[in-house]
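Below, each chain spelled out in residue letters.
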Amino acid sequence: MTFVPHGKHLIAGVWIDGDTTFASEPAQGPAHDFAVGRVSDVEAAAQAADDAFWSYGYSTRQERADLLSTIADEIEARAEEITEIGSQESGLPTARLQGERGRTTGQLRMFAEHILKGDYLDRRHDEALPDREPMARPDLKMVQRPIGPVAVFGASNFPLAFSTAGGDTAAALAAGCPVIVKGHSAHPGTGEIVAEAVDAAIKKCGVHPGVFSLIQGGNRQVGAALVQHPLIKAVGFTGSLGGGRALFDLCASRPEPIPFFGELGSVNPMFLLAGALTNRGEEIAKGWAASLTMGAGQFCTNPGVAVVLSGVQADRFAETTQATLAEVPSQTMLTDGIAAAYRDGQKRIVNTSGVQEVLTSVCDQRNATPYLFQTTAQNWLANSELAEEVFGPLGVIVTADTEDEMRQVALNLQGQLTCTLHMDAEDTEVARSLMPILERKAGRVLANGFPTGVEVSDTMVHGGPYPASTNFGATSVGTLSIRRFLRPVCYQNLPKGLVPEQCS
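Residues numbered from 1 in each chain as written. Predicted model: local features only at pLDDT ≥ 70, side-chain atom pairs only at ≥ 80, totals over all residues. Heavy atoms only, no water.

**Some details on the overall build of the protein chain**
Part 1: Each helix and strand counted, the protein chain has 14 helices and 21 strands in total.
Part 2: In terms of overall size, the protein chain behaves like a compact globule, its C-alpha atoms giving a radius of gyration of 24 Å where 504 residues would be expected to give roughly 23 Å.
Part 3: Each principal axis of the C-alpha distribution contributes one length, and for the protein chain these read about 75 × 70 × 40 Å.
Part 4: The buried share of the protein chain, reckoned over its 504 residues, is 59%.
Part 5: Residue pairs at least 24 apart in sequence account for 77% of intrachain contacts in the protein chain once pairs closer than 6 positions are excluded.
Part 6: For the protein chain, the exposed surface amounts to about 20000 Å²; the carbon and sulfur share of it is 52%.
Part 7: For the protein chain, the distance from the average position of its 39 positive side-chain charges to the average position of its 57 negative side-chain charges is 5 Å. (Helix = DSSP H or I, 4+ residues; strand = E, 2+ residues; numbered from the N terminus. Rg over C-alpha atoms; globule rule 2.2 N^0.38 Å. Buried < 20%, exposed > 50% of the residue type's maximum accessible area, 1.4 Å probe, protein only. Contact = heavy atoms within 4.5 Å. Areas by Shrake-Rupley, 256 points an atom, 1.4 Å probe, with all protein chains shown as cover. Lys, Arg positive; Asp, Glu negative; His and termini not counted. Charge placed at Lys NZ, Arg CZ, Asp CG, Glu CD.)

Have a look at this one:
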């Protein structure tokens, strides 16, 4: 059955028209009209979310777990329709969207299981010591409590896993926070059908309808109004550095500043140490090419920079990478805007002095083909624009003359989501010297792998120092992501009936 969007906003369980519309720009299939978001929609959704918080914020873990699991069920009930419209809008292949849907429902169910265990609450209890000298100690209980309504911005590159019912929404709902989603205009139909699933789950579970609202895109003023609304207590965002930084500044400039959990950009450098480069250079080159072009390079963990020691092995690595990338066909990018930004990024790199073109091609309209460039470590260090993310299948090989020069490259990195070491046993000492640097630069450090493909688990960290993210102490993936939407509260000498049930 084909899903035909109606193009409305969902505000606290009611589908609402807008005053004006915008047309979607699908990679294939028909375009549809969607209501443009209004500041009045933000006001209505925020008021409903705050009303819902008085019940949902004090609901039991079982009630929230049931809602998360039911949302997953309702998404799966619409599986074929979600895949169809998601593929039309994004150009992503069916297999990719099916996998992303599985990740979305999987993390909803994982969060449900996690909150039932109660460990995320970090419960602590210091029993009263009335006879302690020189001062008695009161009874003290501490627990993490939900912060209130949360705004979530849908991501362009993950129409399911980082959008309407994606990781930020799931984490906030798990914490006990109502959510208002600002849908991404790249995939509004996908956002609408997933919102239908969330709404159906809310009704089945008897939850206050203000727990979830979706406001479609088409108006940047809506995003600004959302992050500045006094009832919004935190923001989750995945997107560009420019857009994210603008929203971050708005959050910080409010009369009551709020946390902005933005994942903004990363080149995810790889360091190929001498032994690994000699023993497995061609294998690593082929793996890099596959990771670099996965999903047309439209992953925030795309490894855009490879740092190698100059010499014959580095030349062979570049040749193998070039030959492998040359065989990759043109791929459809998610939006016309992303494709244009990719072409602009390529021009920025090619116009930087000291950069050699290893593989170039012609990209037109919404299509992308790989680019590969090479430069020296000294030139890379002298030109900061080479360290800026290009969103797409573009790689830069940085050749260092010495291991110390390689360390200088690491020291000059901005914050990253990931850093990768390719090493063999004989590289251990060099790797050990790099580790203190890399763990200061990234939220995840890998050995002998590629960072694309983020495991959703208890231990995953998807974040890092700025500009990888705006909060180095947080992650947007994994069960720890729930903690972003909680705050510690201490209860001193309160009778048992007044202390939240989560304390026990």
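**Considerations on the packing of aromatic side chains**
Part 1: Summed over all chains, the structure comprises eleven aromatic pairs.
Part 2: Geometrically, the ring pair formed by phenylalanine 248 and phenylalanine 260 is edge-to-face, given 6.1 Å between the ring centres and 70° between the ring planes. Placement of the pair is phenylalanine 248 in helix H8 (residues 241-253) and phenylalanine 260 in strand S11 (residues 260-263), with a sequence separation of twelve residues.
Part 3: Summarising the aromatic geometry, the rings of tryptophan 288 and phenylalanine 317 are spaced 5.7 Å apart at their centres and angled 10° between planes, so their arrangement reads as stacked. Here tryptophan 288 is found in helix H9 (residues 274-293), whereas its partner phenylalanine 317 is found in helix H10 (residues 312-326), with 29 residues between them in sequence.
Part 4: The ring of phenylalanine 261 carries arginine 484 above its face, with NZ or CZ at 5.9 Å from the centroid. (Phe/Tyr/Trp six-rings, centres within 6.5 Å; stacked < 30°, edge-to-face > 60°. Lys NZ or Arg CZ within 6 Å of the ring centre and 35° of its normal.)

**As for the nonpolar core**
Part 1: In terms of nonpolar packing, the biggest core is built from 104 residues, with Ile71, Phe271, Ile482 and Phe485 touching the most fellow members.
Part 2: In terms of residue count, the dominant contributor to this core is helix H6 (residues 188-205) (seven residues).
Part 3: Setting aside its immediate chain neighbours within four residues, phenylalanine 485 contacts Arg145, Pro146, Ile147, Val150, Asp168, Ala171, Ala172, Ala175, Cys177, Ala234 and Phe261.
Part 4: With 22 residues, the next largest nonpolar core counts Ile11, Ile180, Val227 and Leu247 among its residues. (Core = buried A, V, L, I, M, F, W, Y, C linked by side-chain atoms within 4.5 Å.)

**Some words on the environment of proline 257**
Part 1: For proline 257, the position within the fold is in the loop between H8 and S11.
Part 2: Considered as a pair, proline 257 and histidine 229 are 28 residues apart in the sequence and their alpha carbons are 11 Å apart.
Part 3: Apart from the residues lying within four places of it in its own chain, the contact partners of proline 257 are Cys251 and Ala252.

**Section: empty space enclosed by the protein**
Part 1: Enumeration over the complete set of coordinates arrives at three cavities of 30 Å³ or more.
Part 2: Space inside the largest cavity adds up to approximately 100 Å³.
Part 3: Residues belonging to the lining of the largest cavity are distributed by class as follows: nine nonpolar, three polar and two charged.
Part 4: By volume, the second largest cavity is sized at about 80 Å³.
Part 5: What lines the second largest cavity is a set of 14 residues, among which Phe261, Gly262, Ser469, Ser476 and Arg484 lie closest to the centre.
Part 6: Put simply, the parts of the chain that give the lining of the second largest cavity at least two residues each are strand S10 (234-238) and S11. (1 Å grid on protein atoms, 1.4 Å probe; cavity = no way out; pocket = protein on both sides within 12 Å on 5 of 7 lines; lining within 4 Å. Points joined across faces, edges and corners; volume = space filled by probe spheres on them. Nonpolar A, V, L, I, M, F, W, Y, C, P; charged D, E, K, R; others polar.)

**What to know about the pattern of salt bridges**
Part 1: As enumerated under the stated definition, the model contains 17 salt bridges in all.
Part 2: Of the charged contacts in the structure, one is a salt bridge between arginine 38 and aspartate 19, with a shortest N-O distance of 3.1 Å. Placement of the pair is arginine 38 in the loop between strand S4 (33-35) and helix H1 (39-56) and aspartate 19 in the loop between strand S2 (14-16) and strand S3 (21-23), with a sequence separation of 19 residues.
Part 3: Taking relative accessible area as the criterion, arginine 38 reaches 19% and is therefore assigned buried.
Part 4: Note on aspartate 19: relative accessible area 65%, which makes it exposed.
Part 5: Residues aspartate 122 and arginine 124 are paired through a salt bridge, measuring 3.0 Å at the closest nitrogen-oxygen approach.
Part 6: Exposure remark for aspartate 122: the relative accessible area of 22% places this residue in the partly exposed category.
Part 7: Taken together, the shared-partner salt bridges connect Asp19, Arg38 and Asp41 into one network. (Salt bridge = Lys/Arg side-chain N within 4 Å of Asp/Glu carboxyl O.)

**Details of the environment of methionine 333**
Part 1: Checked against the element boundaries, methionine 333 lands in the loop between strand S14 (331-332) and helix H11 (336-350).
Part 2: The class of methionine 333 is buried, set by a relative accessible area of 0%.
Part 3: It is 8.4 Å that separates the C-alpha atoms of methionine 333 and alanine 27, two residues lying 306 residues apart in sequence.
Part 4: Residues within four places of methionine 333 in sequence aside, it is in contact with Ser90, Ala296, Gln298, Ile338, Ala339, Tyr342, Arg366, Asn367, Ala368, Phe391 and Gly392.

**Observations regarding the packing of helix H2 (residues 61-77) against helix H4 (residues 94-117)**
Part 1: The geometry of H2 relative to H4 is characterised by a closest axis approach of 8 Å and an angle of 165° between their N-to-C directions. Considered as vectors, H2 and H4 are oriented roughly antiparallel to each other. Between H2 and H4 lies a crossing of left-handed hand. Here Arg61, Gln62, Arg64, Ala65, Leu68, Ser69, Ile71, Ala72, Asp73, Ile75 and Glu76 of H2 lie close against H4, whose contacting residues are Arg101, Thr104, Thr105, Leu108, Arg109, Phe111, Ala112, Ile115 and Leu116.
Part 2: Along the lines of polarity and charge, the residues of the contact of H2 with H4 split into ten nonpolar, four polar and six charged. (Axes fitted to C-alpha atoms, helices over the stretch in contact; angles between N-to-C directions. Parallel < 35°, antiparallel > 145°, perpendicular 65-115°, else oblique. Left-handed = near helix turned anticlockwise from the far one by under 90°.)

**Describing the sheet that holds strand S17 (residues 371-376)**
Part 1: Taken together, seven strands build an open sheet; the order of strands is S15-S17-S18-S13-S12-S19-S20 and the sheet is mixed. Strand pairing shows two members of the sheet lacking a second neighbour, strand S15 (356-359) and strand S20 (442-447), which therefore form its edges. Averaged over neighbouring strand pairs, the angle between their axes works out to 20° when direction is ignored.
Part 2: Relative to strand S19 (residues 416-422), strand S12 (residues 270-272) runs parallel, the two sharing three bridges. For phenylalanine 271, the partnering residue across the bridge sits in S19 and is leucine 421. (Pairing = 2+ DSSP bridges.)

**A look at the sheet that holds strand S6 (residues 140-146)**
Part 1: Sheet architecture is open: three strands sit in the order S5-S6-S21, paired in antiparallel fashion. The open sheet has two edge strands with one neighbour each: strand S5 (124-126) and strand S21 (486-492). In this sheet, adjacent strand axes meet at a mean angle of 25° when their direction is disregarded.
Part 2: In this structure, S6 lies alongside S21, joined through seven bridges in antiparallel fashion. Its bridge partner lying in S21, proline 146 is registered against leucine 486.

Any functional reading would require information that these geometric values do not contain.
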